[in-house]
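# Reading the structure
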Amino acid sequence: MYHKGRRILHVDLDAFFVSVEQALNPVLREKPVIVGGEPGSRGVVASASYEARAYGIYAGMPLKAAQRLCPGAIFLKGSFHRYRAASSRFMAILAEFTPQLEPAGIDEAYLDLTGFEPLYGATLETALLLQQRIKSEIGITASVGIASSKLVAKVASNLAKPDGLLEVQPEEERLFLAPLPIASLPCVGPKTERALKGMGIITVGQLASVPASILKDNFGALGQVIYRYAMGIDQRGIEPPQAAKSISRETTFIEDTLDMPFLKAVLHYLSERVGTELRRGGRRARCVTLKLKYADFDSITRNRTLRESTNSDEAIFDVGIKLLEGALSQRRQLVRLIGIGVSSLIGDERQLSLLNSSMERWERLDRVIDRIRSRYGFTAIQRGQTLPLKEVFPTENGDYMLKTPSLSH
Ligand code: TTP
Ligand code: MG
């Protein structure tokens, strides 16, 4: 619910990709470091340390240009799985403070701490504690903005960077925003900024004095948002993510195929992926869906509802392979894409009396495999059914690199 006394935090990690690298390798600390790739390559800067930013380097800049500005900078390719792991740890720390948590990106989130003060002390103190925990447990710094709205909290955290903390008191939002350049508002992108500057508007304060009708005429629906934001008005609440209603994995082949042992192996791999995610979320499924796209791009889905819910790789695969065989017996054509998914998800309250013994064995095996994979990577332990993949797909960071990159995540 919106009211003036809300205490919303926006937390954003500083130079996130670079900071993760620096936490792992002290040699990189306090130096101009850039994550994005080799300076000779065609890529762009993903993240730059604050030392690199002093040379005018920013995210999105071509690496070549960055090297020209700072020839001594250290360029790293980076590794996304490290950033994802750090992000999970970051979100887990935040979740200990409140369930009113909305992740807004890999390294940022909003928290609603309204009503915390009588119990936990001033919001500012809670925010300091949060920053300390992130620093001591992940080894990187975060900046925090506190305000009565998401908008002002985000502007404040940005302004506080790096390793800063800024609280805007209730009723002072408009005063706080007024001297800032218009691009400080999240709704003002480069194009809108140019247009507004063309109208002689430089600061948020100037923007707030433009009649709403003019902004609406020039920018349509966005104009209304700009007007409200310029006045410091933002009634959006924190929206904790909803649990997914279904989980699926699919892949497109480099070459269309009807090679059954290969299709089976891929389907098994995808079933393992789906099962792992189900178990990680502590859930079970009642429905399994197979998706096929033929070489002529004709796409079909087949699904089956199970008598008992499951989260076992083998049970998912078992249904998947039957659906695949059924589909191919109706239409035997080269396959371009295969996918498997589960839906009708429920919580993981195991109904032991209903478990048949093979299901129980499968689930025990899943638990052992999950534990090994969470420590040593996906390919650390492999099932016989997926062995044909070894000859086709390269591995990286302990996982297969299929053509669809999201699959390996
Ligand atoms: P940001 O939070 O925008 O940037 P940052 O954390 O590197 O720096 P700071 O917050 O201190 O200003 O983005 C978080 C990560 O997202 C960033 O470390 C790398 C990635 N990213 C890209 O890959 N490309 C981009 O263009 C941007 C902006 C970010
Ligand atoms: Mg950041």
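Residues numbered from 1 in each chain as written. Chains lettered and ligands numbered in written order. Predicted model: local features only at pLDDT ≥ 70, side-chain atom pairs only at ≥ 80, totals over all residues. Heavy atoms only, no water.

## Concerning the overall build of the protein
- The helix and strand tally for the protein stands at 16 helices and 14 strands.
- By principal-axis analysis of the C-alpha atoms, the protein measures approximately 70 × 50 × 50 Å.
- Out of the 409 residues belonging to the protein, those deemed buried represent 45%.
- A separation threshold of at least 6 residues defines the contact pool for the protein, and within that pool the share at least 24 residues apart is 64%. (Helix = DSSP H or I, 4+ residues; strand = E, 2+ residues; numbered from the N terminus. Buried < 20%, exposed > 50% of the residue type's maximum accessible area, 1.4 Å probe, protein only. Contact = heavy atoms within 4.5 Å.)

## Considering helix H1 (residues 16–24)
- Where burial is concerned, most of H1 is hidden: 7 out of the 9 residues are buried.
- Against the buried residues of H1 lie strand E1 (8–13), strand E2 (33–35), strand E3 (47–48), strand E4 (74–76) and helix H4 (80–97).

## A word on the confidence of the model for the protein
- Summary statistics for the protein give a mean pLDDT of 92 and a share of 96% for residues scoring 70 or more.
- Between residues 405–409, whose pLDDT stays under 50, and residues either more than four places distant or in other chains, the model counts 17 contacts. (pLDDT = per-residue confidence, 0-100.)

## So, the site of ligand 1
- Lining the immediate environment of ligand 1, one finds 13 residues, of which Asp-12, Ala-15, Ser-47, Tyr-50 and Arg-53 sit closest.
- Contact distances for ligand 1 include 3.2 Å between an oxygen atom and a backbone N or O atom of Leu-13.
- In isolation ligand 1 has 550 Å² of accessible area, and contact with the protein removes 65% of it.
- Counting residues per element, the ones that place at least two in the shell around ligand 1 are E1, H1 and helix H2 (50–53).
- For the shell around ligand 1, the residue count by class is 7 nonpolar, 1 polar and 5 charged.
- The residues that make up the shell around ligand 1 include at least three from each of domain 1 (8–13 + 86–171) and domain 2 (16–80). (Near = heavy atom within 4 Å. Polar contact = N/O pair within 3.5 Å; in protein donor to acceptor, adjacent residues only side chain to side chain. Areas by Shrake-Rupley, 256 points an atom, 1.4 Å probe, with all protein chains shown as cover. Nonpolar A, V, L, I, M, F, W, Y, C, P; charged D, E, K, R; others polar. Domains from an automatic or database assignment.)

## With respect to the environment of Met-401
- Structurally, Met-401 is set in the segment after strand E14 (399–400).
- With 16 residues separating them along the chain, Met-401 and Gln-385 place their C-alpha atoms 18 Å apart.

## Considering the domain arrangement of the protein
- Domain annotation for the protein reports domain 1 (8–13 + 86–171), domain 2 (16–80), domain 3 (178–230) and domain 4 (246–400).
- Taking only C-alpha atoms, the centre of domain 3 and the centre of domain 4 are 50 Å apart.

## Section: the sheet that holds E1
- The strand order E5-E6-E1-E7-E8 describes an open sheet built from 5 strands, whose pairing is mixed. The open sheet has two free edges, formed respectively by strand E5 (101–105) and strand E8 (165–167), since each of these has just one partner strand. The mean angle between the axes of side-by-side strands here comes to 15 degrees, regardless of whether they run parallel or antiparallel.
- Taken strand by strand, helix H6 (residues 123–138) contacts E1, strand E6 (108–112), strand E7 (142–147) and E8, and its axis lies near 165 degrees from that of E7. (Pairing = 2+ DSSP bridges. Axes fitted to C-alpha atoms, helices over the stretch in contact; angles between N-to-C directions.)

## Points about the coordination of the magnesium ion (ligand 2)
- Every protein donor of the magnesium ion (ligand 2) is accounted for by Asp-12 (OD), Leu-13 (O) and Asp-107 (OD), and the metal-donor separations fall at 2.0 to 2.2 Å.
- Angles of 77 to 179 degrees at the metal separate the 6 donor atoms of the magnesium ion (ligand 2), which places the site in the octahedral class.
- Written as a sequence motif, the donor arrangement for the magnesium ion (ligand 2) is D-L-x93-D. With Asp-12 in strand E1 and Asp-107 in the loop between E5 and E6, this pair connects stretches of sequence that are 95 residues apart. (Donors = N, O, S within 2.8 Å, 3.2 Å for Na, K, Ca; no water. Tetrahedral: all angles 85-135°; square planar, octahedral: opposite > 155°, others 65-115°.)

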